[in-house]
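Chain and residue survey
Single-letter residue listing:
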Amino acid sequence: MRLPSRSALSHLSILVLLFGLMSPRLGLSQEQILKSGSGDRALPSPRNEVQHEFRSDPLEVAGTQLIWPTNASRILTSTFGETRAAHLHAGIDIRTWGREGYEVYAMADGDVMRLQTGPKGYGNAVYLRHSDGTISMSAHLNRFEPLLQAYADSIRLASHHASMDLYPLERTFSYKAGDLIGFTGSTGTGPPHLHVELRNEQNQPLNPLLSSLRGDVKDNLAPEFEALAVEHLHPTSYHLQRHQVLVGQKIQVGQDVLVGQEVMNRTDFGTVEVSGPVGISALMHDRANGTKSRYAVYEWMMMVREDTVFHARADWFPFSMDQKMFLDRSYPILAETGDGFQRFYVVNGNRLPLYRSMKNRGVLHFAPGEYEVRLIAKDIFGNRSESLLTVRAAGEVVHLDEHPKEYLGEHLSEHVDGHLGEHVDGHLGEHLSGHQNENPDVYLFKVDSVPAYPLPSVDRVRVDRPFARYPAHKVVEPEALFHQPEKEKILSQGRAFHRIYTHLFLESGWQPLPEDSPVRIRAELSPGHSTMLHTPDQRVQLLIPRNAIYDSLEVVMQVAWQDGLPEITFDPGGLPVFEDLRLRVRLPDSVDADQKVGVFGRHPRSGKLIFLGAQRAGSWVESPMMEIADVVLVQDDEAPVVQVPSLRRNLAGKMVVAVMVRDDESGIDPDESHIFLDGVRGITEFDPDKKELIYVHPSLTPDRSMEVRVEVQDGVGNRSVVRYAGGRW
């Protein structure tokens, strides 16, 4: 590794980096360093970066030679494309045996292009750009190598913030393959492990096992099918109606006579009877030698007789689409069980570049009869398994000559509303266009569109009690809340309707709406249009950005009130969105300005409240919503609990002060929580797993004779300030 160049830093700054002595009065300021490292550009997170199309085949870009990045192990705990809480997994995870502090190496010659620190996401991460344009990233580090750590600490100390996202000047820090760049840890998310990513020159994640790293992993074990889900769709609109989960039985292994490959595992899932179109999803996992970890499958396909109906492979995806995991997986089953059932069909709005070929969007809409369906799963090492399912389609026999235009043999449905060809100059769609069905007696109807969202379960019109309707875009005064004619707002395209009606449930006929009456808003929404759903008095407002929903959506939002605070439910609920929604609620006069109120969601299985946000502006409280799901406003006046500080050495051998903090309602806000030693503010890190604040100062060695002041704030703004005198902790 070479030292930073003079053009990047002053001589004084180099000394600062070497000895970790930078303070707000010494060397470059944070503003100067950030500006020198990134120009006038913002420091975007990967999800918000502008994405570009590939200029070359991802397999060629990923073919670079890399060395194994750590001495911890050569065992993977996670692979590319796995299901995560809100996105696809963009790399591989390497086992560190529950410990921190193993060495992390540069996988190839390269320059540091980005540094991150913080308690969330990637935690402490370092990005290297290599000569072929690829980018490697190592995340969740305990710390960087000493010189790089001193550089990061000098900037963090100047800002008094532990979180940092910095683009150093080009060639400020350069490393050779095998050079030490950091140490494994658990920052961002635990337990301890090393997360590694490989990206192309447009900063899009590639499957790291497409590179030479694959040769360092021993794997001769085939994937396994745990369960299948048959997702029953509406016979004409193809909305998801229900699903049933099937458990199979393993049968003999042997040679696949169709493709001449060895099948290592075969599972028979029996016979299922259907009366309309269905989509198939599978709970499946891969394995490797020497570990019990379960991985994502690299390649999956579905065949009916000799016809390949669906074929997908996890080579790459853009960060701008990683949230489409909710469409690639069956999100209703994911919410219900926590299991990521992989869909073998494609719904509207899903433009992930995983799909190599498909027919009928992968939907099985059979003519009456019995069909053998085979699902095939392969890992990146070529190990292969399959499952068998017999589908018995009921119904009357339809004569194809009476419905020639509806027959799939004449119409191959395009991927995702005709947009597949936009990806990679048709790279992923090359097997789709112009391809005809080679088995004309398999399907009955072509499928051009599969809705991403289900329909509401409630009746469209309540007839058991009166209601009033009004277009929710208008402001309606309380005295005017009587029955009004229903109107439609026609979109500029002239093809679809974008309608919002509010149903006011009035128990005593057409009377003025009493305060805190339950209200139901029904909306028929279309992608590409900003929308606000609100109650008649506008005390509750839900802002839906124009690109938030994946597909046309009919949804019912109901607002009920309890002690002046609303509980908001949705039908259908638990719906994924592409951009965060924004909820605004005007608090009643009974809630004082100093009382704290937060917005909470409910865990779909446990019912536990999950804090979403609490941005207060006068009588209004705002919060982002990451999905269309039930929320409740809760008053939280409990300040965080602070325990007695402790003194210990970190893995670098430096003395630090650690303080356990806890807040069981809205959680700890690490950006507003600080520790002072004898009045000196340092870098206050936060470990969300251990619930610890940790005081670090490059040039100050703490001891028990110092006074400790701890300031901790929770998510809604409650604050605790605790002092411990020297010699008393």
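Refer to the structure above for everything that follows.
Residues numbered from 1 in each chain as written. Predicted model: local features only at pLDDT ≥ 70, side-chain atom pairs only at ≥ 80, totals over all residues. Heavy atoms only, no water.

Regarding the overall build of the protein
Keep this limit in mind: Each helix is a run of H or I in the DSSP string that is no shorter than four residues. Each strand is a run of E no shorter than two, and both are numbered from the N terminus. Only protein chains enter the calculation, and the probe is 1.4 Å; a residue is then buried if its accessible area is under 20% of its type maximum, exposed if over 50%, and partly exposed in between. We call two residues contacting when some pair of their heavy atoms lies within 4.5 Å. Each accessible area is a Shrake-Rupley result for a 1.4 Å probe, and residues are judged covered by the shown protein chains and nothing else.
Within the protein, the regular secondary structure consists of six helices and 47 strands. In the protein, which comprises 729 residues, the proportion classed as buried is 56%. Taking contacts inside the protein between residues at least 6 apart in sequence as the whole, the part at least 24 apart equals 70%. Accessible area for the protein stands at about 31000 Å²; split by element, carbon and sulfur atoms hold 49% of it.

Here we look at the sheet that holds strand β7 (residues 141-144)
Cut-off, in case you're wondering: Two strands pair under a simple rule: DSSP has to find at least two bridges between them. Only the contacting stretch of a helix is used when fitting its axis, a line to C-alpha atoms as for every element, and angles between N-to-C directions run 0 to 180 degrees.
With respect to topology, three strands assemble into an open sheet ordered β3-β10-β7, the strand pairing being antiparallel. Of all strands in the sheet, those with a lone pairing partner are β3 (103-105) and β7, marking the two edges. With strand direction ignored, the average angle separating the axes of adjacent strands in the sheet is 35 degrees. Its contacts with the sheet place helix α4 (residues 146-159) against β7 and β10 (180-184), and it is angled at close to 90 degrees to β7.

Details of the sheet that holds strand β37 (residues 620-628)
Read across the open sheet, the five strands follow the order β29-β30-β33-β37-β36; overall the sheet is antiparallel. Each edge of the open sheet carries a strand with a single partner, namely β29 (531-534) and β36 (615-617). Neighbouring strand axes in the sheet, compared pairwise and without regard to direction, differ in orientation by 25 degrees on average. Strand direction decides the pairing type here: strand β33 (residues 575-586) and β37, joined by eight bridges, are antiparallel. Each bridged residue has a counterpart across the sheet, and for Arg582 the counterpart in β37 is Pro624.

Points about the packing of aromatic side chains
The condition that has to hold: Working definition: rings of Phe, Tyr and Trp (its six-membered ring) pair if their centres are within 6.5 Å, and the pair is stacked with planes under 30 degrees apart, edge-to-face with planes over 60 apart, and tilted otherwise. Criterion for a charge above a ring: Arg CZ or Lys NZ at most 6 Å from the ring centre, at most 35 degrees from the ring normal.
Here the structure, examined in full by the defined rule, presents seven aromatic pairs. Put simply, the rings of Phe310, Phe344 and Tyr355 touch in pairs and so form one group of aromatic residues. Of note, Arg114 hangs over the ring of Tyr127, and the distance from its end group to the ring centre comes to 5.1 Å. One residue, Arg584, lies across the ring of Trp620, its end atom 4.2 Å from the ring centre.

Thoughts on the side chain of Glu197
Rule in force here: Pairing of N or O atoms within 3.5 Å defines a polar contact, subject to two protein rules: one partner must be a possible hydrogen donor and the other a possible acceptor, and residues neighboring in sequence count only if both atoms are side-chain atoms.
Within the fold, Glu197 resides in strand β11 (residues 193-199). Of note is the side chain of Glu197, whose polar atom sits 2.6 Å from the side chain of Tyr122. With residues near it in sequence (within four places) discarded, Glu197 still touches Ala90, Gly91, Met107, Tyr122, Ile135, Ser136, Met137, Pro208 and Phe319.

Thoughts on the environment of Arg74
Structurally, Arg74 is set in the loop between α3 (58-61) and β1 (76-78). Remark: the alpha-carbon pair of Arg74 and Val217, spanning 143 residues in sequence, is separated by 6.2 Å. In contact with Arg74, other than residues within four places in its own chain, are Trp68, Asp216 and Val217. Here Asp216 takes part through its side chain, which lies 2.3 Å from a polar atom of the side chain of Arg74.

A few points about the side chain of Glu145
Our working rule: Here Asp and Glu are counted as negative and Lys and Arg as positive; His is not counted, and neither are the chain ends. Between Lys or Arg on one side and Asp or Glu on the other, a salt bridge is scored when a side-chain nitrogen of the former is within 4 Å of a carboxyl oxygen of the latter.
Within the fold, Glu145 resides in the loop between β7 and α4. Despite its burial, Glu145 pairs with no opposite charge, the nearest such side chain being Arg143 at 9.5 Å.

Some points on the pattern of salt bridges
Tallying each qualifying case throughout the model produces 31 salt bridges. Of the charged contacts in the structure, one is a salt bridge between Glu226 and Arg294, with a shortest N-O distance of 3.1 Å. Of this pair, Glu226 sits in strand β13 (residues 224-233) while Arg294 sits in the loop between β19 (278-285) and β20 (299-304), and the two are 68 residues apart along the sequence. A single salt-bridge network, built from bridges that share partners, covers Glu299, Arg313, Asp315 and Arg356.

Here's the deal with the pairing of β37
Note on strand geometry: in a regular strand, side chains alternate between the two faces of the sheet. Of the strand pairs in this sheet, β36 and β37 are connected by three bridges, and their pairing is antiparallel. Looking at β37, one finds that Arg616 is bridged to Val621. Hairpin connection of β36 to β37: two residues between the antiparallel strands, including Gly618 at a positive phi of 65 degrees.

Concerning the environment of Glu170
You can see Glu170 is positioned in the loop between β8 (164-166) and β9 (174-175). Look at Glu170 and you get exposed, because its relative accessible area is 69%. Placed 41 residues apart in sequence, Glu170 and Arg129 show a C-alpha to C-alpha distance of 9.6 Å.

A word on a negative patch on the surface
Spelled out, the test is: Note that patches include only residues with greater than 30% relative accessible area and no salt bridge, and the join distances are 9 Å for like charges and 5 Å for nonpolar side chains (Val, Leu, Ile, Met, Phe, Trp, Tyr). For the purpose of locating charges, the reference atoms are NZ of Lys, CZ of Arg, CG of Asp and CD of Glu.
A contiguous patch of negative charge on the surface is contributed by Asp592, Asp594, Asp637, Glu638 and Glu665. In this fold, Asp637 is placed in the loop between β38 (631-635) and β39 (641-642).

Thoughts on unusual backbone geometry
With an omega of 0 degrees, the peptide bond between Gly190 and Pro191 qualifies as cis. Take Pro191: it is sitting in the loop between β10 and β11. Each neighbour pair has its own omega, and for Asp571 with Pro572 the value is -5 degrees, a cis peptide bond. Tracing the backbone through its elements, the reader meets Pro572 in the loop between β32 (565-571) and β33. The phi angle at Tyr238 is positive, at roughly 70 degrees, despite the residue not being glycine. Its place among the elements puts Tyr238 in the loop between β13 and β14 (240-246).

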